[in-house]
Amino acid sequence: MEITLIRHGHVDYDRAIDRFAAGLSPRGRAEAERAARQCAAWGVQFLVASTIVCSEQTGDAILAAIPDAVRRDLDELQ
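Residues numbered from 1 in each chain as written. Predicted model: local features only at pLDDT ≥ 70, side-chain atom pairs only at ≥ 80, totals over all residues. Heavy atoms only, no water.

### Side note on the overall build of the chain
Our working rule: Only DSSP runs of H or I covering at least 4 residues are called helices, and only runs of E covering at least 2 are called strands; the numbering of each starts at the N terminus. Radius of gyration means the value over C-alpha atoms here, while the globule rule gives 2.2 Å times the residue count to the 0.38 power. Throughout this description, buried means an accessible area under 20% of the type-specific maximum (1.4 Å probe, protein chains only), exposed means over 50%, and partly exposed covers the range between. Note on contacts: a residue pair is in contact if any heavy atoms of the two residues lie within 4.5 Å. The Shrake-Rupley method, run with a 1.4 Å probe, gives the accessible areas here. Residue values count only the displayed protein chains as cover. Think of it this way: Lys and Arg go in the positive column, Asp and Glu in the negative one, and His and the chain ends go nowhere. Where a charge lies is defined by one atom per residue type: Lys uses NZ, Arg uses CZ, Asp uses CG and Glu uses CD.
Of regular secondary structure, the chain possesses 2 helices and 2 strands. Starting at the N terminus, the α and β elements of the chain follow one another as α-β-α-β. Its C-alpha atoms give the chain a radius of gyration of 12 Å, near enough to 12 Å, the size a compact globule of 78 residues would have. With respect to the three principal axes, the spread of C-alpha positions in the chain is 35 × 30 × 20 Å. Residues classed as buried in the chain amount to 29% of the 78 residues present. Taking the contacts inside the chain whose residues are at least 6 apart along the sequence as the reference set, 55% of them involve residues at least 24 apart. Of the roughly 5800 Å² that the chain leaves accessible, carbon and sulfur atoms contribute 52%. Positive and negative side-chain charges in the chain, numbering 9 and 12 respectively, have mean positions lying 6 Å apart.

### Some remarks on the layout of surface pockets
Note the threshold: Definitions used for this entry: grid spacing 1 Å over protein atoms alone; cavity, a set of points where a 1.4 Å probe fits but cannot get out; pocket, an open set with protein on both sides within 12 Å along at least 5 of 7 lines; lining residue, one with an atom within 4 Å of a point. Grid points are joined across faces, edges and corners, and a volume is the space filled by probe spheres set on the points. Three residue categories are used. Nonpolar comprises Ala, Val, Leu, Ile, Met, Phe, Trp, Tyr, Cys and Pro, charged comprises Asp, Glu, Lys and Arg, and polar comprises the others, including Gly.
Reported here for the largest pocket is a volume of approximately 670 Å³. Taken together, 23 residues form the lining of the largest pocket, with Thr4, Leu5, Phe46, Leu47 and Val48 sitting closest to its centre. Contributions of two or more residues to the lining of the largest pocket are made by α1 (26-42), β1 (46-49) and α2 (53-65). A per-class count over the lining of the largest pocket returns 13 nonpolar, 8 polar and 2 charged.

### Focus on the pattern of salt bridges
For clarity, the threshold we go by: Any carboxyl oxygen of Asp or Glu within 4 Å of a side-chain nitrogen of Lys or Arg constitutes a salt bridge here.
If you walk through the whole model with that rule in mind, you get 3 salt bridges. In this structure, arginine 71 engages aspartate 73 in a salt bridge whose closest nitrogen and oxygen atoms are separated by 2.8 Å. Aspartate 73 gets classed as partly exposed once you look at its relative accessible area, which sits at 33%. Taken together, the shared-partner salt bridges in this structure form one network comprising Asp60, Arg71 and Asp73.

Laid out in structure tokens, this is it:
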């Protein structure tokens, strides 16, 4: 089994209420889509994302590229 850690894409902190609610910037969405293509090439089968909005959005992009992958979003403090 291989484990790959992927950091979320660039975050748009200027438009966020707080750091945990900050979503991806346009650049971050492009980065997430690039990461998604790479994950598809690697054959990723299982995805775990934190509850931070930018991490969830990055996970959404990856799951869109690999719709058969299993996804689990972590609960707070997990």
